[in-house]
Amino acid sequence: MIAILAVAGVTFGTVGLGAWGVRFARTTSDLLVASRAVTPWWNAAAISGEYLSAASFLGIAGLEMKLGAGALWQPLGFTAGYLALLLFVAAPLRRFGSYTIPDFVQARLRSTRLRSLASAIVLLIGVFYLVPQLKGAGITLGFVTGAPYWVGVTLVGAVVAVNVGLGGMRGITYVQAFQFWLKVFAISVPACILLVHLGGLPGRATLFGGELPHAGAHGLVVHLDSAQRVEFPARTRYLLNGTAHMARAGESMTLPAGRLALGPGAAVPVAEGTHALRGARWARPVAGSGTSSPLFVYSLLLATFLGTMGLPHILVRFYTNPDGRAARHTTVRVLGLLGMFYAFPSVYGALGRVLTPQLYLTGATDTVVLQVPQAAWPGTVGELLGATLAAGAFAAFLSTSSGLLISIAGTLSHDVWPSIDGAHPTTVSIRRRRFRVAAGAGMVLPVVLALGAQGIDIGVLVGWAFVIAASTFCPMFLLGIWWTGLTARGASWGMLSGALVATAGILLDLTLGEAQGPAGALLAQPAIVSVPIAFAVMIAGSLSSREHPDFGPEMLALHAPEGLGLAQREQAHAELTPGAVA
Amino acid sequence: MSASGPSGERAPHTPRDELADATAHGEVYLRRLRQAQLALSLSALTAFGALFGVLPIALYLLPVLDRVHLLGVPVALWLLVIPLFPMFFGIGLLYARRADALDESFRELVRRR
């Protein structure tokens, strides 16, 4: 009950604040003045608030519980991505004054055709990233209210679509900043209280020793809603609907729906696709094979390190910085703020391994963050902490999916629609109506995909979005900003081949199931192959171009510091401000 | 209305060449600034790679870090959860200061001419 109130409060608070705030930022000058008044700290909190998604809030702990400490490379990569952005992209991009990736592509490479390709990739990444957010919403609402999975997915999809369509959340720095602090509070305070209550990490033998995840001192009772394919990691006696059975070690079987009871200390059977790891193996960040092999870890780090700069919803927010210098210092603060958040998700994954081992059986490890409080501290306190976490998780879906849908709807209404009907809308009201329709239409495919993706881990889904971004937009940005030789032809070849290799790897991994060895690692996490290919093709394509335009003016716009009397740049920014067409 | 901005309907924004007008050597200076900034970014990247990039392979080659425990938690896990985030922040802060200084000296150079 408390949790329902908390979730409803966050949702209506966000929608309400967005609707209220948008009145004050309607005109270009309002937005510009506001953005001048926003300090780097507020800006950094807003960027972090938009960035911390279901993958950060639920996905990391879920993957950690399921796969082991190897999942903890993911938050490091998520944060380090902002270092790459800071070192190579932040200041030049702010100075250049393009608000979206297609805008940048068109202006830097002087090609409208390339703009269409960039728009297509924005849609691809946006959909990939939106699906796990909706999955998170589905399982969280299901956990809080007991509603079926599809209810949460469609409900949050609809709320976000309506909110974005009506103009909420757009450019509202303070709402996003508030969401960031809400998320930090919601993940850190319960973690600290639970650790103090439990007197440190419980069950060290389960966590770091030789034990498998097992039932607690009072045994374990699990209600299976549907038949479940499981594997017993050890010889186990169990009661199924009151009848005693014995399973051999390593035995696979399909358990029918019903009530499964395990005695105290019995090793928990695990859902198909999950491997029951002993503590010492589970706690190894790098191991010989699988999702903790060095090859996989490096590929994951490469994808997250280079992919962050190519996420469509990240870029826009950098323009609330007044200049390139502020863009740099905002990004530094983002590094600090994200680090503060990412210290905590790992606590829940570890507690979950000991306190909620039934999630190994049901496979629903993505809910571990929500389940742990009541398992650790039954009663009102646990309920209160669980409600805090559910509220934080909802803040995560709302802010990230709003940002993503704004990018998707902007691309749909701005690039796709005109190319279908052949004309650009001239009046503000037509543009506004198109954007609203696009916000609704843009949510349909992600909702449908999310309904089918219940069985795929949030962390895995988000990982794919990073791989595609790292294999397409990252090389385009790095070469486009720092190398005058990048041509439209090179960029299009490179982005196409990067996107093809990355999606081929992901699709093969999906269809082949779990491939073993280095090949399996590369299919599941293809960045270490697809990123170098994209770079190489981009360079080769550029060098072989027939025409090599002089990109001097673009380089000037990218790299010349402010304060040199280039006054027109300020005006160009004013015209390009997204609020100008609101 | 859309976040993608109106620039699709207009000619891509054309940067000005006042800098080139203001100083005959503007372009040369700007190229030098760009190279200096790139060198700075690459050196920061190298520091990042040396401190963080070697960690996965180091943990792979030194499994002892998984067995040695500090306050009941393997050292390898401590290394992953605690020190790296402040390190990213530190590298970022040092980089941003140096990059600002490069921009500032470029401004000085242009103003003096």
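This structure is a prediction, so every number in the text was calculated from the model and none was measured.

1. Describing the overall build of chain A
Item 1. A tally of helices and strands in chain A yields 26 helices and seven strands.
Item 2. Taken against the 2.2 N^0.38 rule, which gives 25 Å for 582 residues, the C-alpha radius of gyration of chain A at 24 Å falls within 12% of a compact globule.
Item 3. Along the three orthogonal principal directions, the C-alpha set of chain A runs to about 80 × 50 × 45 Å.
Item 4. Evaluated residue by residue, chain A yields a buried proportion of 62% over its 582 residues.
Item 5. If you take every contact in chain A between residues at least 6 apart in sequence, the share linking residues at least 24 apart comes to 82%.

2. Here's the deal with the pairing of strand β3 (residues 236-240) of chain A
Residue and element names in this part refer to chain A.
Item 1. Relative to strand β4 (residues 243-247), β3 runs antiparallel, the two being bridged by five bridges. Considered in β4, the bridge of Tyr238 is made with His245.
Item 2. Pairing between β3 and strand β6 (residues 258-262): three bridges, direction antiparallel. Looking at the pairing, Leu239 lines up with Ala261 of β6.

3. What to know about the sheet that holds strand β1 (residues 220-224) of chain A
Residue and element names in this part refer to chain A.
Item 1. What the four strands build is an open sheet, ordered β1-β6-β3-β4; its pairing is antiparallel. Either end of the sheet is taken by a strand with one partner, and the two such strands are β1 and β4. Across the sheet, the mean angle from the axis of one strand to that of its neighbour is 25°, orientation sign disregarded.

4. Section: unusual backbone geometry
All names here are of chain A.
Item 1. Backbone geometry places Arg110, a non-glycine residue, at a positive phi of 55°.
Item 2. Relative to the helices and strands, Arg110 resides in the loop between α7 (101-109) and α8 (112-145).
Item 3. Classification of Arg110 by C-beta neighbours within 10 Å gives partly exposed; the count is 15.

5. Description of helix α24 (residues 527-543) of chain A
All names here are of chain A.
Item 1. An ideal rise of 1.5 Å per residue puts 24 Å on 17 residues; α24 measures up with 24 Å between its terminal C-alpha atoms.
Item 2. Among the residues of α24, those classed as buried are Ala527, Ser530, Val531, Ala534, Val537, Met538, Gly541 and Ser542. Buried residues of α24, seen end-on, are gathered within an arc of 135° and therefore sit on one face of the element.
Item 3. Residues of α24 that are buried sit in contact with α13 (294-307), α21 (458-482) and α22 (488-512).

6. Here we look at helix α15 (residues 324-342) of chain A
In an α-helix, one full turn covers 3.6 residues, which means residues spaced three or four apart are oriented alike.
Item 1. Across its 19 residues, α15(A) extends 27 Å between first and last C-alpha, which sits within 8% of the 27 Å expected from 1.5 Å per residue.
Item 2. Most of α15(A) is tucked away: 18 of the 19 residues are buried.

7. Examining the sheet that holds strand β2 (residues 228-231) of chain A
Residues and elements named next belong to chain A.
Item 1. The antiparallel open sheet is built from three strands, whose spatial order is β5-β2-β7. Only two strands of the sheet have a single partner each, and these edge strands are β5 (252-255) and β7 (270-271).
Item 2. Of the strand pairs in this sheet, β2 and β7 are connected by two bridges, and their pairing is antiparallel. Along β7, the bridge assignment pairs Val230 with Ala271.

8. Some points on the domain arrangement of chain A
Residues and elements named next belong to chain A.
Item 1. When its domains are assigned, chain A resolves into domain 1 (2-200 + 281-569) and domain 2 (214-275).
Item 2. Here the C-alpha centroids of domain 1 and domain 2 sit 37 Å apart.
Item 3. Residue-level contacts link eight residues of domain 1 with 11 residues of domain 2.
Item 4. It is helix α17 (residues 358-362) that contributes the most residues to the side of domain 1 that touches domain 2, four residues altogether.
Item 5. Tallied by class, the residues present in the side of domain 1 that touches domain 2 amount to three nonpolar, three polar and two charged.

Conventions we followed
Residues numbered from 1 in each chain as written. Chains lettered and ligands numbered in written order. Predicted model: local features only at pLDDT ≥ 70, side-chain atom pairs only at ≥ 80, totals over all residues. Helix = DSSP H or I, 4+ residues; strand = E, 2+ residues; numbered from the N terminus. Rg over C-alpha atoms; globule rule 2.2 N^0.38 Å. Buried ≥ 20, exposed ≤ 12 C-beta atoms within 10 Å, placed from the backbone. Contact = placed C-beta atoms within 7 Å. Pairing = 2+ DSSP bridges. Axes fitted to C-alpha atoms, helices over the stretch in contact; angles between N-to-C directions. Expected span 1.5 Å × (residues − 1). Arc of directions from axis to C-beta. Domains from an automatic or database assignment. Nonpolar A, V, L, I, M, F, W, Y, C, P; charged D, E, K, R; others polar.

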